[in-house]
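# Structural description and commentary
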Amino acid sequence: MTSLYEQLLDDPLRYFDASYDQGYRLNREQRDAIHLRGLQKRFDALRGSVSVLGALASEQGIERIERIDDVVPLLFPHTVYKSYPLSMLERGQYDRLTRWLNGLTAFDLSGVDARGVGSIDEWIALLDRSTELRILHTFGTSGKLSFLPRTAQQWIDMNTLTAHCVRDWRGPRSGPDLLTQRLPMVQPGYRHGAGATYRGVDVMVRRWAGGDDNALFLYPDTYFSADIASLAGRLRAAQARGEQGRLELSPALLARREEFAARERDRPAQMEKFFETALQRFGGRDICLFAVWPILFEWAEAGLARGIRNVFGPGSLLMSGGGSKGRVLPDDYREQINAFLGFDNCFEVYSMSELMAGCPRCEHGHYHVPPVLVPFVLDPDSGAPLPREGVQSGRFAFVDLLCDSSWGGLITGDSVTMAGWDETCACGREGPYLHATIRRFSELQGGDDKINCAGAPEAHDRAVDFLLSRVE
Amino acid sequence: MSQSVSVPLVIRGEIIDDCRLEFGGRRGELRFSAPDVRDHLSRLVLDTPSKMADLYELGFDDIVDYLARLGQRLSMTTNAHLQAAFEVSRHTSGLSESVLRYFYEQIPQSFLPEVVRETAQRLVGIDYLEGWVPQPSTVYQGPPSRIRAFGARCVHVIAGNVPSVGVGTVIRNAFTRSDAIVKSPSNDPLTTLALARTMIDMAPTHPLTRHLSVAYWKGGDEGVEQPLYDPRHVEKIVAWGGFTSIKHITRYLQPGIDLITLDPKHSATLIGAEAFADDATLWAVARRLALDIGTMNQEGCVNARVIYVVSGTDAAGLARLERLGQYTFEALQQLPMHLSTPHKAFDAELKAEIDGLRFAGDDYRVFGGKNNEGAIIVSRDGAPVDFSRLLACRVGNLVPVDDAEAAVLSVNAYTQTIGIYPEALKERLRDRLAWQGAQRLVSLGGAGLFKDAAIPQDGIEPVRRMCKWIVEQTIDGAELEMLATTGLAG
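Computed from a predicted structure; not experimentally measured.

### As for the overall build of chain B
When helices and strands are counted, chain B shows 17 helices and 20 strands. Over its C-alpha trace chain B gives a radius of gyration of 25 Å, about what one expects of a compact globule, namely 23 Å for 490 residues. Its C-alpha atoms give chain B principal-axis dimensions of roughly 80 × 65 × 40 Å. Considering only intrachain contacts with a sequence separation of at least 6, the fraction spanning at least 24 residues in chain B is 71%.

### Side note on the overall build of chain A
Within chain A one finds 16 helices and 16 strands. In chain A, the proportion of contacts linking residues at least 24 apart, taken out of those at least 6 apart, comes to 70%.

### Quick look at the confidence of the model for chain A
All names here are of chain A. Residues of chain A with pLDDT of at least 70 account for 87%, and the chain-wide mean is 86. Low pLDDT (under 50) marks residues 445-464, which in the prediction has 48 contacts with non-local residues, meaning those over four places away or in another chain. The low-confidence segment residues 466-472, where pLDDT is below 50, has nine contacts with residues more than four positions distant or belonging to other chains.

### Quick word on the nonpolar core
Residue and element names in this part refer to chain B. In this structure, Ile271, Ile307, Tyr308 and Val309 are the most contacted members of the largest nonpolar core, which totals 176 residues. Looking at this core, the element that brings in the most residues is helix H12 (residues 315-333), giving seven residues. In this view, Ile307 contacts Thr269, Ile271, Leu289, Gly396, Asn397, Leu398 and Val399; residues no more than four positions away in its chain are not counted.

### Details of the sheet that holds strand E1 (residues 5-6) of chain B
Sheet strands line up and pair through hydrogen bonds in the backbone, either parallel or antiparallel. All names here are of chain B. Here three strands make up an open sheet; going across it, the order is E1-E5-E4 and the pairing mixed. Bordering the open sheet on either side are E1 and strand E4 (21-24), each of which pairs with just one other strand. Relative to strand E5 (residues 31-34), E4 runs antiparallel, the two being bridged by four bridges. Across the sheet, the residue bridging to Gly24 is Arg31, located in E5.

### Notes on the sheet that holds strand E17 (residues 395-400) of chain B
Residue and element names in this part refer to chain B. Pairing in this open sheet of seven strands is mixed, and the strands run E15-E16-E17-E14-E13-E18-E19 from one edge to the other. Both edges of this open sheet fall to strand E15 (364-368) and strand E19 (440-443), since each of them pairs with a single strand only. On average, each strand axis in the sheet is tilted by 20 degrees relative to the strand beside it, whichever way the strands run. Sheet contacts for helix H11 (residues 279-294): strand E13 (266-271), strand E14 (304-309), E17 and strand E18 (415-421); angle to E14, the most-contacted strand, approximately 150 degrees.

### Points about H12(B)
All names here are of chain B. Compared with an ideal rise of 1.5 Å per residue, which puts 19 residues at 27 Å, H12 spans 27 Å between its outermost C-alpha atoms and is within 8% of the ideal. Listing the buried residues of H12 in full gives Gly317, Leu318, Arg320, Leu321, Leu324, Gly325, Tyr327, Thr328, Phe329, Ala331 and Leu332. For H12, the elements touching its buried residues are H11, E14, E15, strand E16 (375-379) and E17.

### Here's the deal with the domain arrangement of chain B
Residue and element names in this part refer to chain B. Segmentation of chain B into domains returns domain 1 (5-263 + 462-472) and domain 2 (266-443). When each unit is reduced to the centre of its C-alpha atoms, the spacing between domain 1 and domain 2 is 34 Å. At the junction of the two partners, domain 1 supplies eight residues and domain 2 supplies 12 residues.

### Points about the packing of helix H7 (residues 164-175) of chain B against helix H8 (residues 191-202) of chain B
All names here are of chain B. It is at 8 Å that the axes of H7 and H8 come closest, and there the two elements cross at 40 degrees. Between H7 and H8, the angle is such that the two are oblique. Relative to H8, the crossing made by H7 is right-handed. Residue-level inspection shows Gly166, Val167, Thr169 and Val170 of H7 in contact with H8, the latter providing Thr191, Thr192 and Leu195. Grouping the amino acids of the contact of H7 with H8 by side-chain chemistry returns three nonpolar, four polar and no charged.

### Points about the confidence of the model for chain B
Looking at chain B, pLDDT values average 92 and 98% of them are 70 or higher. Scored as a whole, the predicted complex attains pTM 0.80, and scored at its interfaces, ipTM 0.71.

### Some remarks on the environment of A:Asp344
Residue and element names in this part refer to chain A. Inspection of the secondary structure puts Asp344 in the loop between helix H14 (333-341) and strand E8 (346-347). Classification of Asp344 as partly exposed rests on a count of 13 C-beta atoms within 10 Å. Through-space distance from the C-alpha of Asp344 to that of Phe282 is 17 Å; in sequence the pair is 62 residues apart.

### Quick look at the pairing of E14(B)
All names here are of chain B. Across the six residues that make up E14, a large majority, six, are buried. Relative to E14, E13 is paired through five bridges, and the arrangement is parallel. Across the sheet, Ser267 pairs through a bridge with Ala304, a residue of E14. Judged from the four bridges that link them, E14 and E17 form a sheet pairing that is parallel. Paired with Tyr308 across the bridge in E17 is Val399.

### Considering H8(B)
All names here are of chain B. Helix length check: H8, at 12 residues, gives a terminal C-alpha distance of 17 Å against a target of 16 Å (1.5 Å per residue), a fit within 8%. The element H8 is extensively covered by neighbouring structure, given that 10 of its 12 residues are classed as buried. Taken together, the buried positions of H8 are Thr191, Thr192, Leu193, Ala194, Leu195, Ala196, Arg197, Thr198, Met199 and Ile200.

### Some words on the pairing of E16(B)
All names here are of chain B. Most of E16 sits inside the fold, with five of its five residues counted as buried. Burial of E16 is two-sided: the residues Ala375, Ile377 and Ser379 facing one way and the residues Ile376 and Val378 facing the other way are all buried. Sheet topology places E15 next to E16; five bridges connect them, and they run antiparallel. The residue bridging Arg365 from the neighbouring strand is Val378, located in E16. Two successive antiparallel strands, E15 and E16, enclose a turn made up of six residues, where Gly369 displays a positive phi of approximately 75 degrees.

### Brief notes about the environment of B:Glu322
All names here are of chain B. Within the element layout of this structure, Glu322 appears in helix H12. Residue class for Glu322 comes out partly exposed when judged on the 18 C-beta atoms lying within 10 Å of it. Sequence spacing of Glu322 and Ile376 is 54 residues, and the spatial spacing of their C-alpha atoms is 9.4 Å. Once residues within four sequence positions are removed from consideration, Glu322 is found in contact with Arg365 and Val378.

### Regarding the packing of helix H7 (residues 152-168) of chain A against helix H9 (residues 201-209) of chain A
Residues and elements named next belong to chain A. Their axes nearest at 10 Å, the elements H7 and H9 cross at an angle of 55 degrees. As far as their axial angle goes, H9 and H7 are oblique. In the crossing of H7 with H9, the sense of the turn from one axis to the other is right-handed. The residues of H9 that touch H7, namely those facing Trp155, Ile156 and Asn159, are Val203, Met204 and Arg207. When the residues that make up the contact of H7 with H9 are grouped by side-chain class, the tally is four nonpolar, one polar and one charged.

### What to know about unusual backbone geometry
Residues and elements named next belong to chain B. Following Tyr421, the chain continues to Pro422 via a peptide bond in cis, the omega torsion being -5 degrees. Mapped onto the elements, Pro422 comes out in the loop between E18 and helix H15 (423-436). Phi is positive for Arg177, which is not a glycine, with a value near 55 degrees. Following the sequence through the fold, Arg177 ends up in the loop between H7 and strand E9 (179-183). We classify Arg177 as buried; it has 23 C-beta atoms within 10 Å. Unlike most non-glycine residues, Arg394 shows phi in positive territory, near 70 degrees.

### Comments concerning the environment of B:Leu67
Relative to the helices and strands, B:Leu67 is located in helix H2 (residues 60-72). Filtering out sequence-adjacent residues up to four positions away, B:Leu67 remains in contact with B:Phe111, B:Val116, B:Ile171 and B:Ala174.

Definitions and cut-offs
- Sequence order as written defines residue numbering, which begins from 1 separately in each chain.
- Chain A is the first chain written and ligand 1 is the first ligand written, with later ones labelled in order.
- Reporting in this predicted model follows two pLDDT cut-offs: at least 70 for local features of residues, and 80 or more for side-chain atom pairs to be given and counted; totals over whole chains, interfaces and linings ignore these cut-offs and use all residues.
- Strands here mean DSSP runs of E at least two residues long; helices mean DSSP runs of H or I at least four residues long; both are numbered from the N terminus.
- As defined in this context, the radius of gyration uses C-alpha atoms, and a globule is described by 2.2 Å times the residue total to the power 0.38.
- Note on contacts: residues are paired as contacts if their backbone-placed C-beta atoms lie within 7 Å.
- The score called pLDDT rates the predictor's confidence residue by residue, from a low of 0 to a high of 100.
- Remark: nonpolar core denotes a set of buried Ala, Val, Leu, Ile, Met, Phe, Trp, Tyr and Cys residues whose joining runs through C-beta atoms within 7 Å.
- The exposure label follows from counting other C-beta atoms within 10 Å of a residue's C-beta, where the C-beta atoms are placed from the backbone and the thresholds are 20 or more for buried and 12 or fewer for exposed, leaving partly exposed in between.
- Only when DSSP finds a minimum of two bridges between them are two strands counted as paired.
- Orientation is described by axes fitted as lines to C-alpha atoms, over the contacting stretch for helices, and by angles from 0 to 180 degrees between their N-to-C directions.
- What a helix is expected to span follows from its residue count: subtract one and scale by 1.5 Å.
- Domain limits in this description derive from either an automatic procedure or a database domain assignment.
- By definition in this entry, angles of less than 35 degrees are roughly parallel, angles greater than 145 are roughly antiparallel, angles of 65 to 115 are roughly perpendicular, and the rest are oblique.
- Crossing chirality is assigned from the near helix's rotation relative to the far helix, an anticlockwise turn below a right angle marking it left-handed and a clockwise turn marking it right-handed.
- Three residue categories are used. Nonpolar comprises Ala, Val, Leu, Ile, Met, Phe, Trp, Tyr, Cys and Pro, charged comprises Asp, Glu, Lys and Arg, and polar comprises the others, including Gly.

Rendered as structure tokens:
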């Protein structure tokens, strides 16, 4: 059996078969070799098939990657996946949107006929039906959705990787094996959708829970609409500028407003019912719970007030994140949530829609970069890569070597501090890690243009209000 | 600028410099300290309106004379207050040093007697400022009503993108005989203060000196704004710029307070097919367009941003438009240093959006935009870029249209200035553009120029609104008695 080092050197996708924690026991030399070989392999394979990468390489005059830093001029700006003109959506030109997407993926979309498509949701469904792609959309930074060309296989691979991370993160086989243990899945969200937090749900239900009978959702039958997300984002951007009156709505969206409104009206009652059902069906058992902190806290607060504690089994698992934006939580919110839930096994990961390989948080509050992710810290002003040594602060950028049908190179909007190049974290894991002080540059500049997943329901409410306020 | 700058408070001729509160200091931002305005609120407000009587012992000529003497002291070579303000602005302003210096050197111009007289005459009417003006009537037979424009107690929340905003505020406050509390912007905390301090140096007890206060507090600070924006203390608020700052202020509105907003605006440009008559014409148009984009480094609301061009939207039209794009970018690079330079702090968010365009297939053509030199983006798809609201730092967006109609419809109440080429198009469309919401129509190239500055702004007359228009009427006593007893008017 070859070592993980040799496997990853051969193909970074071999990480899907490995013990996850082993990835953090590679030494500097091994990681550098995996990174350089991986970059070369991805660049050589994709420059011919991902046309925008080919064009960028030609423009930059880059033929081959000799050193890791050579790839920096080839990193995409974080705006790339929303670089389509919004007018395409407004004019219903989904054939042009398909051509745009075609430039970002190695798959050939020239056979997709998107004429006659009338909404983003329909367009996504068409791609699902006729291609390998299972694209994901974001919730709309600055009023525009990003579309990422993920594939059906990648959603399965990411699911495997997450399961392995849970299993091995605190030591080989230290955690539950989601792929075999059939933990009930509990999520106060949508069962269906292509939004960043919903697209992976289907695979989870199938592979982890073993089917819908063993899963509970707030909206088990409802699809999270990309069109509504798009409207919510544009509405938020227009509100921030005091230009709400300028927003124009498509007739298709207006026609659906009653449906949205009814669902939003019922949401508080639905949520109460959801939590009741979760207790009845899964109380006392180990579960796998996905929820953002503010929703969890609301639940815990109400439960604790009624004297309810330790509702689930101690072997349960919580996957959370998303910050507490929009709601001020007390300092001890996690303790209250843990007391209510009855377990404290929580996984937090620094990730983003553009990343397949997220960075899990260790007990010292550091986010550890997995070996299949080539991280960079760039000078925020010049964009030049900072040395891969010591402690560096600047703009986070990366090449995700797990992306094999689109280019994994991206310059993020995040301001980070990275260390671990030449010193090992106190948790014992090798390799670079990010300090917990991650901020968005736009926030540092006084702006605040990101709807994270915690903010999305609220934005949804506003979008529905807005739809209803339009008199036909 | 790493050390902290002191921003004292001026209250009606008195300087208060217990600068205990720290402001700013985030990433590259100016750090400065200022007195806590809450401690001085009772003196900052003019609680008794009759204390404005001293202003009425001055004739208009006295005011002109005072401003002329002040203007002579506002030379950048000799005035230490102004030099300090310039020094701070060099760090905080979006304008580069050469452009900024030009603005500061122009300040004395605004104080020249002929300029002040014409400004007062056109923006209010000197006779109305000086006395009670009879209103002859062909309908009413009695003695004519009389009207006089009085000054008001006014808070000015001014913008800091160009120093001229504070300068104009001081002059307007003087000739309308008003009492001003100027809230300085954090991106230019010292310029208006420099004027106030020069006034104190020159004539500390003069009524005009004693009716100007300059303060800094953080916009939205309820502890200051709640007691200040009270009809017992303030009659008018003039608010410039940012949506957020105006939103803060609207919270305090109530009967008795008149809010005069100079809203955030953007401007547009309209270029007719005549631009493509021949290559020399196209170059001329490009140079004039470069002026509209580049003046003041595009920091002003008057600058061109989205530019509609009647180039046609077919392949030949797009080729024509790209040529205009290329020429305009070149012309932008050649603008004189005192008018425009590469932006010293190019917006990173805008840069990321421009970088993103190269991935949008063939929908856009970008000239420049590599570093901080500015850019011309040609929208081949016929719609402005999605980030058109971010356009700044000398970035213009050319949008092709088949006829001027499409461009007219894109104009709305958020559109301030429209630069137009040729003149005939301006005359043909001026009424329709006004109906759509446009507020200033100007020959292409003149959007950023204010040689003739005594004009309405944003579709309103802010200086007339700064005044209180008071009416005096005389009616014959016998006539009134008759009305009371017989019900018959005389």
